[in-house]
Amino acid sequence: MQIKKNVDLTPFNTMATHSVADHYCRVETIEQLKQAVKKAKELALPILILGGGSNLILPPVISGVVIHI
């Protein structure tokens, strides 16, 4: 699990709205999810969980950590 900075989220939402995550990580296991949450807490950053991206409209910039499941 790697946390990347300034990631374009346009491909991850069905409305294709332009949005950039200050911090982003993709998780595929429960252990990776735990690590991502722990790291966000260590950095005192808010967390946004992103699933399929079909039921939300993303803001232009997301401060914090976007955890993509």
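Look up a bit, the structure's there.
Now for a quick tour of the structure. (Residues numbered from 1 in each chain as written. Predicted model: local features only at pLDDT ≥ 70, side-chain atom pairs only at ≥ 80, totals over all residues. Heavy atoms only, no water.)

### Quick notes on the environment of G52
Here G52 is to be found in the loop between β3 (47–50) and β4 (61–68). Residue G52 is classed as exposed on the basis of its relative accessible area, which comes to 65%. Spatially, the C-alpha atom of G52 lies 20 Å from that of K5, the residues being 47 residues apart in sequence. (Helix = DSSP H or I, 4+ residues; strand = E, 2+ residues; numbered from the N terminus. Buried < 20%, exposed > 50% of the residue type's maximum accessible area, 1.4 Å probe, protein only.)

### Quick notes on the environment of L45
Note on placement: L45 falls in the loop between α1 (30–42) and β3. Take L45: its relative accessible area is 25%, and that puts it in the partly exposed class. Other than its neighbours up to four places away in sequence, L45 contacts H23, A40, G64 and V65. (Contact = heavy atoms within 4.5 Å.)

### Here we look at unusual backbone geometry
One non-glycine residue, A16, adopts positive backbone phi at about 55°. Structurally, the position occupied by A16 is in the loop between β1 (4–8) and β2 (20–26). Residue A16 is classed as partly exposed on the basis of its relative accessible area, which comes to 48%. Positive phi, normally seen in glycine, also occurs at A44, with a value near 55°. You can see A44 is positioned in the loop between α1 and β3.

### Brief notes about the sheet that holds β1
Strand order in this open sheet of 4 strands is β1-β2-β4-β3, and the pairing throughout is mixed. Of all strands in the sheet, those with a lone pairing partner are β1 and β3, marking the two edges. Each strand axis lies, on average, 45° off the axis of its neighbour in the sheet, ignoring direction. The pairing of β1 with β2 spans 4 bridges and is antiparallel. Across the sheet, K4 pairs through a bridge with Y24, a residue of β2. (Pairing = 2+ DSSP bridges. Axes fitted to C-alpha atoms, helices over the stretch in contact; angles between N-to-C directions.)

### Observations concerning the pairing of β2
Relative to β4, β2 is paired through 6 bridges, and the arrangement is parallel. Counted as the bridge partner of Y24 is V66 from β4.

### Focus on the packing of aromatic side chains
Inspection of every chain in the model, using the stated rule, returns 1 aromatic pair. Ring geometry for F12 against Y24: centres 5.6 Å apart, planes inclined by 5°, an arrangement best described as stacked. Of this pair, F12 sits in the loop between β1 and β2 while Y24 sits in strand β2, and the two are 12 residues apart along the sequence. The class for F12 is partly exposed, based on a relative accessible area of 25%. (Phe/Tyr/Trp six-rings, centres within 6.5 Å; stacked < 30°, edge-to-face > 60°.)

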